[in-house]
Amino acid sequence: MSFIQAILDGLLIGGVYAVISIGLTLVYGVMGIVNFAQAEFLTIGMFVAWFAWAFLGLDPVIAAPLSFAVAFAIGWIVQGQLIARVLTAPSVAQIFLTVGILIVIENGSLLLFGSQFRSVTTSYQTASLSLGPLFVSIPYLIAFAMSLLCGIALWWFMRASWFGRAMRATAQNPAAARLMGIDTALMYKVSFALGVGLTAFGGTVILPYVTVFPGVGGQFVVLMFTVVVLGGLGSVAGAVVGGLAVGVIQALSALFFPIQLQNLVLFVVFILVLAIRPQGLVGASR
Amino acid sequence: MTILEVRSLSRRFGGLQVLSEVTFSVRPREIVGVIGPNGAGKTTLFSTLVGLIRPDTGSVALDGRDLAGLKPHKVAAIGMTKTFQNVALFAESSVLDNVLTAGLLRHDVDRAREQALNCLDRVGLREVAGKLAGDLSFPERARVELARALCTAPKVLLLDEVMAALNHAEMTEIMQLIRSLRDDGVTLLVVEHHMRAIMNICDRILVLNFGRLLAEGTPDRVARDPQVIEAYLGRSAEALRR
Amino acid sequence: MKFRFTPCIAILALALLPLLLDPRGYWIRVLTITLLFAAMAQAWNIVGGLANQISLGHAAFFGIGAYASTVLLLKFGISPWLGMLAGGALGGLAALVIAIPTMRLQGHYFALATLAFGEVMRVIENVWTSLTGGPGGLSVPFVPPGFAAYSFKLLRPHAYIALIALLVVTAVFEMIRRSAMGYRLRGIRQNLPAAEVIGIDTTRVKLQAAVISGALTAMLGTLYAQLAVFFDPDTVFGIAGISIRIALIAIIGGVGTAVGPILGAFFIIPLEELMNDLLSSRAAGLSQLVFGIILIAVILWQPRGFVTVFVSLKARLSRREAR
């Protein structure tokens, strides 16, 4: 029974992991760059939401779009001023530019906000539903629901809106996209900003059960990368599959292993996928 | 007495059959031309011969040795290498270093440097040995690539459109060079679109179309082959017949 | 070997520096750490610079070395010098283990894999308490001073050992760069298929570079262990503190050059110590923030690192003299 409970919890959490990680895969799919600083936008999103809660009394669920907007704006500027300059540079430059951004954001948060742990308290934090013999934690459920909404919105955006289709065109063939009149530089900005915005959104919905501090993003780094690599770098559907899978793997390993080893399981999965099937479960075979 | 034996080479990429049961053999010191419309599979054939691509079925034997599953560097060690159609030089290294690196297959650094200078002499580019490979013109880069391939002391050399973008004088020089290489004992397979050049230097011609070997034989015979003419409708066919 | 005036003067100066500094003092410790990080960055430079394999997980080797020699000392009383060799062998083996499956991965994917590997090592060391003492860390046991025991009363010998280590790693770097292996690595870096076709066993060459780099980094871990006397998994296997820092040092100084990591270390480490001193806990993270900004600035405006500034300065000076 705890097995099924773990799977349920894993799926609920996995949905959030998917939203958090979609941005990473989106950026890679459109620009071919792995944004090592992606997890830092999780931190940004969480801090924005926390302050919104502390000073404006906003529930994280309501603050989520605000976090999205803030991260979107920051991402827009970062892409335009920094990332855009290394799109054709060798990979060492691309890797370390985003690593530099990671360092700046993490330590910037440390300087601005201090190292203390902060958390929110909401009315529903410890509540749960009973589903037969299973418990459904309310914060998890709300987080999952928000992620689902977000996912649907993203799906509509990518499929039905002009912007979404233009982005996909840019991802597949930038030169052709340009010839069709698509402003690829704009698409890059939109993809990056959207990507980090989604990560920030995801961070906000987990605020009810995760403590925020400047290094919180760092705790999610390998997790996010495992999600996208498992699903296939560049595939949004893959990020969903990967997110759910990672959620379940994590929940199941919590049953069997102490907390330190749980992380190990994820890392090992990550390395195995890279070694055996780098294109991921959903990605196209090379 | 064959130096290169190719049997039933086939390869599929997704939905496309890029090579289809290609079979031929090459005798030592032959100059064999490989022609065919764009997309016929000529470059794929070369890549498969040197081991960059694994065939789905079929075999390649060099000097009696089966090359199945061997990586390109092993194939080079046995004695076959190729040049790249779009020229794959080390753009940030000097011309000399480019060729020297190939010489390291069989010599130490100092000997390799000597060999590299000899090879550059052969293609007439010794004066630019110190220049950065990326700074040269396209025809010069093609010649450096030829020198680099030469420096591996190959038994069989596969040249992929070395004469692209050359003027008449340059082409004549390269043709001379190819002939002299043959005189030195190298067997050559040459992909080219310049029909006159092919007709001039090749002992035999292989015609590929849609991955299949369409025809094979002396330049005259191939020029008269109705299937070849049909595949090449147009001015090239006229050139073939002249 | 061409005789170069400037490096010889620099080495001489570096060699004399420890003699001038107070052997118990603060600055000699900074110097030792600087030399150590310069050596680590140089070892990273072998794969990051010559082979263009960007590793974000070199801490794995560093930690393996630190733990190997210390555990051997604790459990079997083996001299750290021998422990260092054992650590080096383990580091080389670890490099093989991580390199073989990740060989085909390009750029970003490879960096990710190394990142994960470093973290795997850190978690293993945290969890394998019976061997490593777990998160509580390990202390290098006190041994009566003596060279054979790698135990010294003062810091000066540590500084000299670090200096020699830097010279050795730099020599290895240069030897690789000028040798046949260096040519092959340059070929692999610039065009992999072409390199294969002209007879370079690209897999084997990349593995060789990885093993050399891993082994050297592991041996430097022993140096650190003996200097610091105490360490824990989060320190020696740390992503930010070790893996990213040594790559950052090499890149800011000039990746792919022999002088780059040395320049980078002598810029970063003393600056960091200074900032941490002046600002202490009131501005935790400021020094790191500054380095992050410098890293970004270097990538955007001087991607070949500080070394180019020196090279162009030298060029401008010699042009002036020629007039």
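Residues numbered from 1 in each chain as written. Chains lettered and ligands numbered in written order. Predicted model: local features only at pLDDT ≥ 70, side-chain atom pairs only at ≥ 80, totals over all residues.

(A) Just the overall build of chain B, in detail. Secondary structure summary: chain B contains 10 helices and 10 strands in total. Taken against the 2.2 N^0.38 rule, which gives 18 Å for 242 residues, the C-alpha radius of gyration of chain B at 18 Å falls within 12% of a compact globule. Based on the C-alpha atoms only, the size of chain B along its principal axes is roughly 50 × 40 × 35 Å. The buried share of chain B, reckoned over its 242 residues, is 47%. (Helix = DSSP H or I, 4+ residues; strand = E, 2+ residues; numbered from the N terminus. Rg over C-alpha atoms; globule rule 2.2 N^0.38 Å. Buried ≥ 20, exposed ≤ 12 C-beta atoms within 10 Å, placed from the backbone.)

(B) The overall build of chain C, seen in detail. For chain C, the helix and strand inventory stands at 15 helices and 2 strands. What you see for chain C is a C-alpha radius of gyration of 20 Å, in line with the 20 Å of a compact globule of 323 residues. Each principal axis of the C-alpha distribution contributes one length, and for chain C these read about 60 × 45 × 40 Å. Relative to its 323 residues, chain C shows a buried fraction of 54%.

(C) Seen up close, the interface of chain C and chain B. Facing 16 residues of chain C, the contacting portion of chain B comprises 25 residues. At the level of secondary structure, the elements contributing two or more residues to the side of chain C that touches chain B comprise α8 (180-190) and α9 (192-197) of chain C. A per-element tally of the side of chain C that touches chain B places α8(C) first, with 6 residues. Across the side of chain C that touches chain B, the residue classes break down as 7 nonpolar, 5 polar and 4 charged. (Contact = placed C-beta atoms within 7 Å. Nonpolar A, V, L, I, M, F, W, Y, C, P; charged D, E, K, R; others polar.)

(D) Expanded view of the environment of Leu35(C). Residue and element names in this part refer to chain C. By secondary structure assignment, the location of leucine 35 is in helix α2 (residues 26-50). By C-beta crowding, leucine 35 is classed as buried, having 28 other C-beta atoms within 10 Å. Separated by 227 residues in sequence, leucine 35 and isoleucine 262 place their C-alpha atoms 7.8 Å apart. Leaving out residues up to four positions away in the same chain, leucine 35 has contacts with Ala159, Ala162, Leu163 and Leu166.

(E) Main features of the environment of Arg196(B). Residue and element names in this part refer to chain B. For arginine 196, the location among the structural elements is in helix α7 (residues 195-201). Classification of arginine 196 as partly exposed rests on a count of 14 C-beta atoms within 10 Å. Here the alpha-carbon distance between arginine 196 and glutamate 161, two residues 35 residues apart in the chain, equals 14 Å.

(F) Quick peek at the interface of chain A and chain C. Listed per partner, the contact involves 34 residues of chain A and 35 residues of chain C. Contributions of two or more residues to the side of chain A that touches chain C are made by α4 (91-113), α9 (216-231) and α11 (259-276) of chain A. Split into classes, the residues belonging to the side of chain A that touches chain C amount to 26 nonpolar, 7 polar and 1 charged.

(G) View of the nonpolar core. Among the nonpolar cores identified, the biggest contains 277 residues, and Val99(B), Ala39(C) and Leu220(C) are the most heavily contacted of them. Per-element tally for this core: the top contributor is α2(C), with 15 residues. For this core, the two domains that each supply at least three residues are domain 1 (1-79 + 157-242) and domain 2 (88-153) of chain B. Not counting residues within four places of it along the chain, the set of residues in contact with Val99(B) comprises Ala116(B), Cys119(B), Leu120(B), Val144(B), Ala147(B), Arg148(B) and Cys151(B). (Core = buried A, V, L, I, M, F, W, Y, C linked by C-beta atoms within 7 Å. Domains from an automatic or database assignment.)

(H) Region of the structure containing the arrangement of the chains. When the 2 pairs of chains in contact are ranked by number of contacts, first place goes to chains A and C. Separated without contact, chain A and chain B have their nearest C-alpha atoms at a distance of 10 Å.

(I) Seen up close, the packing of helix α2 (residues 38-56) of chain A against helix α3 (residues 60-81) of chain A. All names here are of chain A. Where α2 contacts α3, the axes come no closer than 8 Å and their chain directions differ by 135°. Judged by the angle between their axes, α2 and α3 are oblique. Considering the relative orientation of α2 and α3, their crossing is right-handed. Between α2, through Phe41, Ile44, Gly45, Val48, Ala49, Ala52 and Trp53, and α3, the contact on the second element is made entirely by Pro60, Ala63, Ala64, Leu66, Ser67, Val70, Ala71, Ile74 and Gly75. Considering only residue class, the contact of α2 with α3 consists of 13 nonpolar, 3 polar and no charged. (Axes fitted to C-alpha atoms, helices over the stretch in contact; angles between N-to-C directions. Parallel < 35°, antiparallel > 145°, perpendicular 65-115°, else oblique. Left-handed = near helix turned anticlockwise from the far one by under 90°.)

(J) The arrangement of the domain arrangement of chain B in detail. All names here are of chain B. When the domains of chain B are assigned, the result is domain 1 (1-79 + 157-242) and domain 2 (88-153). If you average the C-alpha positions of domain 1 and of domain 2, the two centres end up 24 Å apart. Domain 1 puts 9 residues into the contact, and the matching count from domain 2 is 9 residues. Partitioned by chemical class, the residues of the side of domain 1 that touches domain 2 number 8 nonpolar, no polar and 1 charged.

(K) Quick look at the pairing of strand β1 (residues 128-131) of chain A. Residue and element names in this part refer to chain A. As defined by bridge partners, β1 adjoins strand β2 (residues 134-137) across 4 bridges and the pair is classed as antiparallel. Note that in β2 the partner of leucine 131 across the bridge is leucine 134. The antiparallel hairpin formed by β1 and β2 contains 2 residues in its connecting segment, where glycine 132 sits at a positive phi of about 65°. (Pairing = 2+ DSSP bridges.)

(L) Quick peek at unusual backbone geometry. Positive phi, normally seen in glycine, also occurs at Asp63(B), with a value near 55°. Topologically, Asp63(B) is positioned in the loop between β4 (57-62) and β5 (65-66). The backbone phi angle of Asn52(C) is positive, close to 55°, even though this residue is not glycine. With respect to the helices, strands and loops of the structure, Asn52(C) is situated in the loop between α2 and α3 (59-76).

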